[in-house]
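Architecture at a glance
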Amino acid sequence: MHRTGVEAPKRGVPAASSVEPRGSINSSPWEMMLGRSLIVIHFWAPWAPQCTQMNGVMEELAKEYPQVAFVKLEAEAVPEVSEKYEISSVPTFLFFKNTQRVDRLDGAHAPELTRKVECHISSSVLPRAEFVKEDLDRRLKKLTNAAPCMLFMKGSPQEPRCGFSKQMVEILNKHNIQFSSFDIFSDEDVRQGLKIYSSWPTYPQLYVSGELIGGLDIVKELAASNELDKICPKAPKLEERLKVLTNKASVMLFMKGSKQMAKCGFSRQILEILNETGIDFETFDILEDEEVRQGLKAYSNWPTYPQLYVKGELVGGLDIVKELKENGELLPVLKGET
C-alpha cells in the first residue's frame, strides 16, 4: 500500500452493502452499529504484527466502552473502501459519529487511540460545548508551542500531501530552518479548531514561539525580504546534528522503519537480535530524513543500513551484530563494557 498524496473527501460511514466488517469486535449487524454514539474502524492486515497488537487494545477498549462500536476491516480485502478513505498504511483507525467521519489515527499508538476514544465519548455527553472548546484551546496552545518553529501542514515534511505544504517545506529547508510539524489530516479537531484559534482559514500555518507567522504567501514574502532567517531558528550543521543523534540514547539504531515496523529485512533481523538482549535502545528511521540518511554514511564511513551505535560510537551493521552475538560479545558491547 502506498500514500496517494491526495486529500480524501469527507464522507459518511461506509454502507452495509459496500463493507462487510470482517472479524468485527462487536458482532452486532452493521446497521445496528449506526445507532452507536461512536464507531471506531480499524483497517488492519494479518501480516503486520503491530496490527495484531492494536487488535488486542481494541478488545480491551470494547470491554471498557460498550457504548462504542469497534470494528476491524482487513484493508487489502476491501480495496475500494481503503482507496475511498485513503488507507495507505496499516494500522489506521477512522472515527465516525452520526454516520460522519470525525477523526483519524495512523499508526500503532495505543495511548493516542485510547485518548481519542475517551475524547469523542466525552464530547458526545458534555452538557456545555464551551468545556470542549476550552480543552481544545489548551491543546492547541500546547501544540503551537511544542517546538520553537511549528508547521501545521497536510502530510509530513517527507511526504507533503498538497502543493502548498510542499512549497512551504521546500522554503524552510532551503533556508536551513529547524522546524517540527503536525499533520492536520491526523486530527480533525485540530484541523478545524486551529482555523478559529489562529483566525487563519487555510493550511499550511507556520508558528514561531507559539505565535502565528502566517501561511505560504507570508512566508514567501519573508523569505524574499530576508526576514525569514531572522525570525526562525536555524538548524544545526549536519555534523553537529549527527553527533547529537548518535548520542541520543546509549544504544542507537539507525534503520529503515521503526521498532514497531521494520521496512527492510536487514532492519527486521537486527531488531529481533536487539530485542532478545533485553537492552533498552532507541531507533531512527533514515527513510524519514534524507539528509541524515546520506550524511550518516560519510560521518560513520559505513555505506549501508542498519547502523548500530553504542555511546555515540559505531558498532557496525547486521553482519557485525550477528558475529558479536555468536561470539557471546554482544551484551557486553551494548552495555558499554568493552
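Since this is a predicted model, take the numbers as computed values, not measurements. Counting restarts for each chain: residues are numbered from 1 in the order of the written sequence. Local features in this predicted model are restricted to residues of pLDDT 70 or higher, and side-chain atom pairs are both shown and tallied only at a pLDDT of 80 or more, whereas totals for entire chains, interfaces and linings draw on every residue. Hydrogens and waters are ignored; side-chain quantities use all the structure's heavy atoms.

1. Quick word on the packing of helix H6 (residues 163-174) against helix H8 (residues 216-224)
Stated formally: Fitting a line to C-alpha atoms yields each axis, with helices limited to the stretch in contact; the angle taken between N-to-C directions then spans 0 to 180 degrees. Strands here are runs of E lasting at least two residues and helices are runs of H or I lasting at least four, both read from the DSSP assignment and numbered beginning at the N terminus. To sort the angles, those under 35 degrees are grouped as roughly parallel, those over 145 as roughly antiparallel, those from 65 to 115 as roughly perpendicular, and the leftovers as oblique. In a left-handed crossing the near helix is turned counterclockwise from the far helix by less than a right angle, and in a right-handed crossing that turn is clockwise. We call two residues in contact when some of their heavy atoms are within 4.5 Å. Throughout this entry, Asp, Glu, Lys and Arg are counted as charged residues, while Ala, Val, Leu, Ile, Met, Phe, Trp, Tyr, Cys and Pro are counted as nonpolar. The remaining residues, Gly among them, count as polar.
Look at H6 against H8: their axes get within 10 Å of each other, and the N-to-C directions meet at 25°. Relative to H8, the element H6 is oriented roughly parallel. Considering how the two elements wind past one another, H6 and H8 form a crossing that is left-handed. Facing H6, whose interface residues are Phe164, Gln167, Met168 and Ile171, H8 presents Leu216, Val219, Lys220 and Ala223. Here the residues of the contact of H6 with H8 sort into 6 nonpolar, 1 polar and 1 charged.

2. Section: the nonpolar core
Heads up, the condition is: Working definition of a nonpolar core: buried Ala, Val, Leu, Ile, Met, Phe, Trp, Tyr and Cys residues. They are joined through side-chain atoms within 4.5 Å. Per-residue accessibility, obtained with a 1.4 Å probe over protein chains only, is compared with the maximum for each type, and a residue is labelled buried under 20%, exposed over 50%, and partly exposed between these values.
Ile41 and Phe43 are the most contacted members of the largest nonpolar core, which totals 18 residues. Among the elements of the structure, strand E1 (38-44), strand E2 (68-74) and strand E3 (92-97) are those that each provide at least two residues to this core. If you tally residues by element for this core, the top one is E1, at 4 residues.

3. A look at a negative patch on the surface
The condition that has to hold: Every patch collects residues that have over 30% relative accessible area and no salt bridge, joining them within 9 Å if they carry like charges and within 5 Å if they are nonpolar side chains (Val, Leu, Ile, Met, Phe, Trp, Tyr). Note that accessible areas follow from Shrake-Rupley with a 1.4 Å probe, and for residues the cover is restricted to the protein chains shown. Salt bridge, as used here, is a side-chain nitrogen of Lys or Arg placed within 4 Å of a carboxyl oxygen of Asp or Glu. Positive: Lys, Arg. Negative: Asp, Glu. His and the chain ends are not part of the count. Working definition for charges: the position is that of NZ of Lys, CZ of Arg, CG of Asp or CD of Glu.
A cluster of acidic residues, Asp319, Glu323, Glu326 and Glu329, forms a negative patch at the surface. Along the polypeptide, Glu329 turns up in the loop between helix H13 (318-326) and helix H14 (330-334).

4. Description of unusual backbone geometry
The omega torsion across Val90 and Pro91 is 0°, close enough to zero to call that bond cis. Of note, Pro91 is situated in the loop between helix H3 (79-84) and E3. That bond from Tyr203 to Pro204 is cis: its omega, 10°, falls within 30 degrees of zero. Summarising the element assignment, Pro204 is placed in the loop between helix H7 (188-198) and strand E7 (205-208). Of note in the backbone geometry, Glu86 takes a positive phi value of approximately 55° without being a glycine. By the secondary structure assignment, Glu86 is in the loop between H3 and E3. Of note, the phi angle at Asn226 is positive, near 65°, even though the residue is not glycine. The topology assignment puts Asn226 in the loop between H8 and helix H9 (228-231).

5. Comments concerning the pairing of strand E8 (residues 211-214)
Put simply, the rule reads: In this description, strands pair whenever DSSP reports at least two bridges between them.
Here E7 runs beside E8; their pairing, made up of 3 bridges, is antiparallel. Following the sheet pairing, Leu206 is matched in E8 by Gly214. The hairpin turn running from E7 into E8, its antiparallel successor, is 2 residues long, and Ser209 in that turn takes a positive phi close to 55°.

6. Overview of the pattern of salt bridges
Taken as a whole and assessed by the stated rule, the structure comprises 14 salt bridges. Residue Arg161 is joined to Glu86 by a salt bridge in which the shortest nitrogen-to-oxygen separation is 2.4 Å. One end of the pair, Arg161, is in the loop between strand E5 (149-153) and H6; the other, Glu86, is in the loop between H3 and E3, with 75 residues separating them in the sequence. Comparing Arg161 with Glu86 shows no difference in burial state: the two are buried.

7. A few points about the side chain of Gln205
Applicable threshold: Any N or O atom pair separated by 3.5 Å or less is treated as a polar contact, with the protein-specific requirement of one donor-capable and one acceptor-capable atom, and with residues adjacent in sequence counted only for side-chain atom pairs.
Position of Gln205 among the secondary structure elements: in strand E7. A residue is classified by how much of its surface remains accessible, and Gln205, at 0% relative accessible area, is buried. There is a polar contact of 3.2 Å between the side chain of Gln205 and the backbone oxygen of Thr202. Ignoring anything within four residues of it in the chain, the contact list for Gln205 reads Met150, Leu151, Phe152, Leu194, Lys195, Ser198, Trp200, Leu212 and Gly214.

8. A closer look at helix H11 (residues 265-277)
Definition in use: Expected helix span is given by 1.5 Å per residue-to-residue step, counting one fewer step than there are residues. Read the arc as the range of directions from the helix axis to the C-beta atoms.
Across its 13 residues, H11 extends 19 Å between first and last C-alpha, which sits within 8% of the 18 Å expected from 1.5 Å per residue. Turning to H11, its buried residues number three or more, namely Ser267, Ile270, Leu271, Ile273 and Leu274. Down the axis of H11, the smallest arc covering the buried residues is 165°, so these residues share one side. Elements in contact with the buried residues of H11: strand E9 (251-255), strand E10 (282-285), strand E11 (307-310), H13 and H14. Looking one or two places after H11, you find Gly278, whose phi comes out positive at around 80°.

9. Re the confidence of the model for the protein
For clarity, the threshold we go by: The predictor attaches a confidence to each residue, and that confidence, scored 0 to 100, is pLDDT.
Confidence in the prediction of the protein, expressed as mean pLDDT, is 83, and 85% of residues score 70 or more. Under a pLDDT of 50 for its full length, residues 1-32 has, in the predicted model, 84 contacts with residues more than four places off or in other chains. Contacts from residues 125-132, a stretch scored under 50 in pLDDT, to residues over four places away or in other chains number 3 contacts.

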